[in-house]
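Coordinate inspection notes
Here is what each chain is made of, one letter per residue.
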Amino acid sequence: MKKVSSVAAVGFVVALLVAVAALSQVNVAEAVTCSPTELSPCAPAITSSAPPSGACCNKLRQQRPCLCGFLRDPNLKQYVNSPNAKRAIATCGIPYPRC
């Protein structure tokens, strides 16, 4: 009987180690504070046909989880939904949100 319980204990420890290793590989998403002012580096790209800057692309990536909220806001929708904003989002390699 001791041999069976030893095998079970070893199996449990191996399963536990596999679970810990798998959990350590999971990336924890950082919380994003949704703020349209964070997109100020994108103003030239959104208000004209200027290409987005690297800073703009970085901010768009950071604010990506917020884009649907911006689209739902009647004060912001016209900017985020504009052809220039869509072009800037695409140029930065960010998929346009489907909300």
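Everything discussed here concerns the structure shown above.
Moving on, we come to the pattern of salt bridges. Going through the model one piece at a time under the given rule, you end up with one salt bridge. With a closest N to O distance of 2.7 Å, glutamate 38 and lysine 59 form a salt bridge. Here lysine 59 lies in helix α3 (residues 54-63) and glutamate 38 lies in the loop between α1 (2-25) and α2 (43-47), a separation of 21 residues in the sequence. Look at lysine 59 and you get partly exposed, because its relative accessible area is 23%.

Looking at the element boundaries, serine 35 is found in the loop between α1 and α2. Filtering out sequence-adjacent residues up to four positions away, serine 35 remains in contact with Gln63 and Phe70.

Turning our eyes to something else, we now look at the nonpolar core. By size, the foremost hydrophobic cluster in this structure holds 14 residues, and its most contacted members are Leu39, Cys42, Leu60, Phe70, Ile89, Cys92 and Ile94. For this core, the elements supplying multiple residues, two or more each, are α3, α4 (67-72) and α5 (74-80). Among residues more than four places away in sequence, those in contact with cysteine 92 are Pro52, Cys57, Leu60 and Arg61.

To continue, consider α3. Among the residues of α3, those classed as buried are Cys56, Cys57, Leu60 and Gln63. Each buried residue of α3 sits inside an arc of 135° when the element is viewed along its axis, so together they form one side. Residues of α3 that are buried sit in contact with α4 and α6 (83-91).

So, how was this worked out
- Residue numbers restart at each chain and count upward from 1, following the sequence in its written direction.
- Side-chain atom pairs in this predicted model are given and counted only at pLDDT of 80 or more, local residue features only at pLDDT of at least 70, and totals for whole chains, interfaces and linings cover all residues.
- The side-chain numbers reported here are obtained from all heavy atoms of the structure, hydrogens and water having been left aside.
- Salt bridge, as used here: a side-chain nitrogen of Lys or Arg that lies within 4 Å of a carboxyl oxygen of Asp or Glu.
- By the criteria applied, helices consist of DSSP H or I runs no shorter than four residues and strands consist of E runs no shorter than two, each listed in order from the N terminus.
- Relative accessible area decides the class of each residue, using a 1.4 Å probe on protein chains only: under 20% of the type maximum gives buried, over 50% gives exposed, and in between gives partly exposed.
- Whether two residues are in contact is decided by their heavy atoms, any of which lying within 4.5 Å being enough.
- Put simply, a nonpolar core is a bunch of buried Ala, Val, Leu, Ile, Met, Phe, Trp, Tyr and Cys residues held in one set by side-chain atoms that sit within 4.5 Å of each other.
- Directions pointing from the helix axis toward each C-beta atom define the arc.

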